[in-house]
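Given next are the chains, with one letter for each unit.
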Amino acid sequence: MQFRPALLLLAAAVLLSPLPAFAHAQLLKAVPGVGTTVTTAPSITLAFSEPVEPAFCGIALSDAAGKTVPLGKPASAADKATLVAAVKARLAPGTYTVTWHAVSVDTHRTQGTFAFTLAP
Amino acid sequence: MTLQGALVTARALHFCACAILWGGGGLLWLLRSAPGAGAGPRLLRIAALLAAFSGAAWLAATLVIITADYGSLVDADAWAALWSSSFGPPWAIRLVVLAGAAAFALAGRPMLLPLLTLCGGALALDQAWLGHAATGSGANGAVMIASDALHVTAAYAWTGALPVLGWLVFRGADRPDTKRALALFSTIGILAVAAILATGVINAAFRLDVPRQLIATMYGQILCIKVTLFVAMLGLAWINRSLAAPGRSPGMGATCHGLLVGVLTETAIGVFVLSVAALLGTTAPPL
Ligand SMILES: [Cu+2]
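Residues numbered from 1 in each chain as written. Chains lettered and ligands numbered in written order. Predicted model: local features only at pLDDT ≥ 70, side-chain atom pairs only at ≥ 80, totals over all residues. Heavy atoms only, no water.

1. Some points on the coordination of the copper ion
Looking at the copper ion, one finds its protein donor set to be His24(A) (ND1), Asp106(A) (OD), His108(A) (ND1) and His132(B) (NE2), positioned 2.1 Å from the metal centre. Relative to the metal, the four donor atoms surrounding the copper ion lie at angles of 97 to 139°, and the coordination shape comes out irregular. Taken together, the residues Asp106(A) in the loop between β8 (94-103) and β9 (109-118) and His132(B) in the loop between α5 (113-126) and α6 (138-171) connect one chain to another. Comparing Asp106(A) with His132(B), the two get one shared label, buried. (Donors = N, O, S within 2.8 Å, 3.2 Å for Na, K, Ca; no water. Tetrahedral: all angles 85-135°; square planar, octahedral: opposite > 155°, others 65-115°. Helix = DSSP H or I, 4+ residues; strand = E, 2+ residues; numbered from the N terminus. Buried < 20%, exposed > 50% of the residue type's maximum accessible area, 1.4 Å probe, protein only.)

The following block contains the structure:
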């Protein structure tokens, strides 16, 4: 059993090395940002922790009254982990809610919702 | 049952069935003298059919969950989107292999045993592309896929051989083919355990950032349960190994009975481990 210390060392080296963590697609960053106030919102951009499958992803935008704002079909950017949907209407100042769902390349679905405010 | 529950159940059944094809089929194949009739070969045929049904159920549950719509099961566009996604090709390959295994099983000829075993091996490898190991890219991505594929292959080899070994011991621990099977299994077991340990550590390192997440997150806690069951299996394997040691005469009453109980208990824990793996694979690792 002389190989045991070597195995333990390898295990320790692997566990302690800074490897990137891979998970379901989690929202890392959004533009407009979560809870922020912005002056313009020509599109909704969502950056995820994983590559996503755009065909199974969706983004919806609604105003403070709950009325749906038309958006373009979400497309993924070159990194495959970012979704962009164009806003197809002129937005009046106010609070807006983004509701999204995403399917990562690991076959798992995640979803979430957040708000941002458009300042005049 | 919730959709998520159906998904995990289908995956657990599927993992057990695929394990029997690869591990159980492999053990019978290595024995060569395997008879065409009896509970062992019959178990393989049942496993092939169960693998096909549970695999289809896993895919159906996946499609319903990712579209949040039962209607997508009969929606050609939803299926087209699935086949053209990154997990479409591995799923298509899996369905072809499953259909092949079911056809071989229904043909019921003993000489098809190697084909059933190879189907089990292909299913073990293919699984790496249907989960968290598929989220990497570049060199990291290749290591994740390779590590996960080896992990599943080794786990199936060990856990799947157990029910067939139990059947052989039940038939007669003193029979020459049973003795040969016990010797073969002890080699398979050592190789499998080494591979499972090494790749398990690598997989965990990719999913978790800091050891604290092992207790602080749901993913880590389920992983801890899996490791605990794995250690229990190891302990039991150690006891079984000493009961089956060539010095002992397994044919002698108490030892033979003890060995059978030991192997069946190890099988039961194996089913548990695969079920926990089925749950773990659908749980979100911590960010
Ligand atoms: Cu996931």
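2. Notes on the packing of aromatic side chains
Applying the stated rule across the entire model yields eight aromatic pairs over all chains. Between Tyr96(A) and Phe116(A), the aromatic rings sit 5.8 Å apart at their centres with planes inclined by 20°, giving stacked as the arrangement. With Tyr96(A) in strand β8 and Phe116(A) in strand β9, this pair connects stretches of sequence that are 20 residues apart. Across the pair, Phe116(A) and Tyr96(A) agree in class, each one buried. Residues Trp58(B) and Trp91(B) carry aromatic rings whose centres are separated by 4.9 Å and whose planes lie at 75° to one another, so their mutual orientation is edge-to-face. Here the residue Trp58(B) occupies a position in helix α2 (residues 39-67), and Trp91(B) occupies one in helix α4 (residues 88-107), the gap between them amounting to 33 residues. The class for Trp91(B) is buried, based on a relative accessible area of 1%. Among the aromatic side chains, those forming a connected cluster through ring pairs are Phe15(B), Trp58(B), Trp91(B) and Tyr156(B). (Phe/Tyr/Trp six-rings, centres within 6.5 Å; stacked < 30°, edge-to-face > 60°.)

3. A short note on the nonpolar core
Within the largest apolar cluster, 86 residues are counted, with the highest numbers of intra-cluster contacts made by Phe56(A), Leu21(B), Tyr156(B) and Trp158(B). Counting residues per element, this core draws most heavily on helix α1 (residues 3-31) of chain B, which supplies 14 residues. For Trp158(B), the residues in contact, after removing those within four places along its chain, are Phe185(B), Ala192(B), Val193(B), Ile196(B), Phe230(B), Met233(B), Leu234(B), Ala237(B) and Glu266(B). With 24 residues, the next largest nonpolar core counts Ala30(A), Ile44(A), Ile59(A) and Leu118(A) among its residues. (Core = buried A, V, L, I, M, F, W, Y, C linked by side-chain atoms within 4.5 Å. Contact = heavy atoms within 4.5 Å.)

4. Considering the pairing of strand β4 (residues 58-63) of chain A
Residues and elements named next belong to chain A. With six bridges connecting them, β4 and β8 associate as antiparallel partners. Of the residues in β8, the one forming a bridge with Leu61 is Val98. One ladder, built from two bridges, connects β4 with strand β5 (residues 68-69); its direction is antiparallel. By the bridge assignment, Ser62 is partnered in β5 with Thr68. Connecting the antiparallel pair β4 and β5 is a turn made up of four residues, with Gly66 showing a positive phi of about 90°. (Pairing = 2+ DSSP bridges.)

5. Here we look at α4(B)
All names here are of chain B. Spanning 20 residues, α4 covers 29 Å between terminal C-alpha atoms, matching the ideal 28 Å at 1.5 Å per step. Where the residues of α4 are buried, they touch α1, α2, α3 (76-83) and α5. Looking one or two residues past α4, Gly108 carries a phi angle of roughly 65°, positive in sign. (Expected span 1.5 Å × (residues − 1).)

6. Quick notes on the interface of chain A and chain B
Each partner contributes to the interface: chain A provides 24 residues, whereas chain B provides 32 residues. Where chain A meets chain B, there are zero salt bridges. Put simply, chain A and chain B have eight residue pairs in polar contact (both at pLDDT 80 or more) between them. Ranked by the residues each element gives to the side of chain A that touches chain B, the list is headed by helix α1 (residues 4-16) of chain A, at three residues. Considered class by class, the residues forming the side of chain A that touches chain B number 14 nonpolar, six polar and four charged. (Salt bridge = Lys/Arg side-chain N within 4 Å of Asp/Glu carboxyl O. Polar contact = N/O pair within 3.5 Å; in protein donor to acceptor, adjacent residues only side chain to side chain. Nonpolar A, V, L, I, M, F, W, Y, C, P; charged D, E, K, R; others polar.)

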